[in-house]
Amino acid sequence: MLTVICFITMAIVYYTGSYRSSMDNNAVATKIQTLISFVFAGYITIVINRWDRIRNTTLGNEKRSI
């Protein structure tokens, strides 16, 4: 599902032209940078979700006595 969201977002950025810079003339490099940024964002999301799940699993099972 995350991959689908990344590709949809990448398509929106590509078709709106918001990835373009006034100093950038290399279209291939721009497309590669755009794809890498969305893949990297997906990876960061997975890492944060994994950390959150592990934190909730380990700390959520603690029974604290008052």
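You'll find the structure just up there.
The present account deals with the structure reproduced in this document. In this text, all values refer to a predicted model and were calculated from it rather than measured experimentally.

### Some words on the overall build of the chain
A count of helical and extended segments in the chain gives two helices and zero strands. The 66 residues of the chain split such that 14% are buried. Per element, the accessible surface of the chain, about 5900 Å² overall, is 64% carbon and sulfur.

### Here's the deal with the pattern of salt bridges
Applying the stated criterion to the full structure yields one salt bridge. Residues D52 and R55 are paired through a salt bridge, measuring 2.8 Å at the closest nitrogen-oxygen approach. You can see D52 and its partner R55 sitting in helix α2 (residues 27-60), three residues apart, about one turn around the helix.

### Some words on the environment of Y14
Topologically, Y14 is positioned in helix α1 (residues 2-16). A C-alpha to C-alpha distance of 9.8 Å links Y14 and T30, two positions 16 residues apart in sequence.

### Considering α1
The end-to-end C-alpha distance of α1 is 21 Å, a good match for the 21 Å that 15 residues give at a rise of 1.5 Å each. Taken together, the buried positions of α1 are occupied by C6, M10 and V13. Mapping the buried residues of α1 onto a view down its axis gives an arc of 65°, with all of them on the same face. Among the exposed residues of α1, those pointing more than 90 degrees away from its buried face are I12, Y15 and T16.

The rules behind these values
- Residues numbered from 1 in each chain as written.
- Predicted model: local features only at pLDDT ≥ 70, side-chain atom pairs only at ≥ 80, totals over all residues.
- Heavy atoms only, no water.
- Helix = DSSP H or I, 4+ residues; strand = E, 2+ residues; numbered from the N terminus.
- Buried < 20%, exposed > 50% of the residue type's maximum accessible area, 1.4 Å probe, protein only.
- Areas by Shrake-Rupley, 256 points an atom, 1.4 Å probe, with all protein chains shown as cover.
- Salt bridge = Lys/Arg side-chain N within 4 Å of Asp/Glu carboxyl O.
- Expected span 1.5 Å × (residues − 1).
- Arc of directions from axis to C-beta.

Keep in mind these numbers describe shape, not what the thing actually does.
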